Amino acid sequence: MISRRSVVLTLALVALTGPTWAASSRGNPIKMFDTDNDGTLDLAEVKKAASALFARLDPDHDGTLDARELRGRLSVREVAADPDHDGTLTLDEYLAVVEQRFNAADPDKDGTLDAKELKSRAGQGLLRLLR
């Protein structure tokens, strides 16, 4: 039989470690997407991850993402900038937004993103397009 004290201690431990565990379960984006293992993300690695997400978000396999499929990943301004104004984004259009966000997250313009840059507001915006 499990004692009440054991249950209370377990719940307390979960309450204290829950957010930490949740954050670690999402994984380190550099470890997740850094295919050349250099400790940073370059544009090619980011576009590869974004392309994989695009494919997962396109359940009808029509080669485009509509607002429902995008699930709030883009701002209203970014969706409105749809080049052909058809209300959807093709993979190329999606990757153009990814590149814009990558550039915004790379203030030193070295062509790579490190952990600090990914923690910035711009970096977090980019990560929403990868996960």
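Up top is the structure.
In this text, all values refer to a predicted model and were calculated from it rather than measured experimentally. (Residues numbered from 1 in each chain as written. Predicted model: local features only at pLDDT ≥ 70, side-chain atom pairs only at ≥ 80, totals over all residues. Heavy atoms only, no water.)

S.K.: Just checking my understanding: could you explain the pattern of salt bridges for this structure?
M.R.: Opposite charge on two side chains lets them pair, provided their charged atoms get close. What the rule picks out here adds up to two salt bridges. In this structure, Lys-47 and Glu-99 form a salt bridge, with 3.0 Å as the shortest nitrogen-oxygen distance. Of this pair, Lys-47 sits in helix H3 (residues 43-57) while Glu-99 sits in helix H6 (residues 91-105), and the two are 52 residues apart along the sequence. With its nearest N and O atoms 3.8 Å apart, the salt bridge here joins Arg-68 to Asp-66. Take Asp-66: its relative accessible area is 23%, and that puts it in the partly exposed class. (Salt bridge = Lys/Arg side-chain N within 4 Å of Asp/Glu carboxyl O. Helix = DSSP H or I, 4+ residues; strand = E, 2+ residues; numbered from the N terminus. Buried < 20%, exposed > 50% of the residue type's maximum accessible area, 1.4 Å probe, protein only.)

S.K.: Help me understand H6, please; the structure alone is not making it clear to me.
M.R.: End to end, H6 covers 21 Å across 15 residues, agreeing with the expected 21 Å (1.5 Å per residue, within 8%). Glu-93, Tyr-94, Leu-95, Val-97, Val-98, Arg-101, Phe-102 and Ala-105 are the residues of H6 that are buried. (Expected span 1.5 Å × (residues − 1).)

S.K.: Is there a simple way to explain unusual backbone geometry in this structure?
M.R.: With phi around 55 degrees, His-61 is a residue other than glycine that occupies positive phi space. By secondary structure assignment, the location of His-61 is in the loop between H3 and strand E2 (64-65). Although it is not a glycine, Lys-109 sits at a positive phi angle of roughly 55 degrees. Within the secondary structure, Lys-109 sits in the loop between H6 and strand E4 (112-113).

S.K.: Help me understand the nonpolar core, please; the structure alone is not making it clear to me.
M.R.: Burial of nonpolar side chains together is a common tendency in soluble globular proteins. Counting residues in hydrophobic clusters, the biggest one holds 25 residues, and the most contacted among them are Val-46, Tyr-94, Val-98, Leu-126 and Leu-130. Elements with a minimum of two residues in this core: helix H2 (29-33), H3, H6 and helix H8 (121-127). When residues no more than four places from it in sequence are discounted, the contact partners of Leu-126 are Val-46, Val-98, Arg-101, Phe-102 and Leu-113. (Core = buried A, V, L, I, M, F, W, Y, C linked by side-chain atoms within 4.5 Å. Contact = heavy atoms within 4.5 Å.)

S.K.: What's the story with the side chain of Glu-45 in this structure? I'm lost.
M.R.: Following the sequence through the fold, Glu-45 ends up in helix H3. Within the buried core, Glu-45 has no salt-bridge partner, and the shortest N-O distance to an opposite charge, that of Lys-48, equals 8.4 Å. What Glu-45 contacts, discounting residues up to four positions off in sequence, is Phe-33, Asp-34, Thr-35, Asp-36 and Thr-40. (Lys, Arg positive; Asp, Glu negative; His and termini not counted.)

S.K.: How do you make sense of empty space enclosed by the protein when you look at a structure like this?
M.R.: If a probe as big as a water molecule is rolled over the atoms, it shows which places are left empty. A complete count under the given rule lists one cavity of 30 Å³ or more for this structure. Approximately 40 Å³ is the volume attributed to the largest cavity. Lining the largest cavity, in full, are Leu-65, Asp-66, Ala-67, Leu-70, Val-79, Asp-82, Gly-87, Thr-88 and Leu-89. Among the residues making up the lining of the largest cavity, the classes are represented as five nonpolar, two polar and two charged. (1 Å grid on protein atoms, 1.4 Å probe; cavity = no way out; pocket = protein on both sides within 12 Å on 5 of 7 lines; lining within 4 Å. Points joined across faces, edges and corners; volume = space filled by probe spheres on them. Nonpolar A, V, L, I, M, F, W, Y, C, P; charged D, E, K, R; others polar.)

S.K.: Would you take a moment to explain the packing of aromatic side chains for this structure?
M.R.: Counting across every chain of the model gives one aromatic pair. Taken together, a centroid distance of 5.6 Å and an interplanar angle of 55 degrees make the contact between Phe-54 and Tyr-94 tilted. Placement of Phe-54 in helix H3 and of Tyr-94 in helix H6 is noted, with a sequence separation of 40 residues between them. In this structure, Phe-54 and Tyr-94 share a single accessibility class: buried. (Phe/Tyr/Trp six-rings, centres within 6.5 Å; stacked < 30°, edge-to-face > 60°.)

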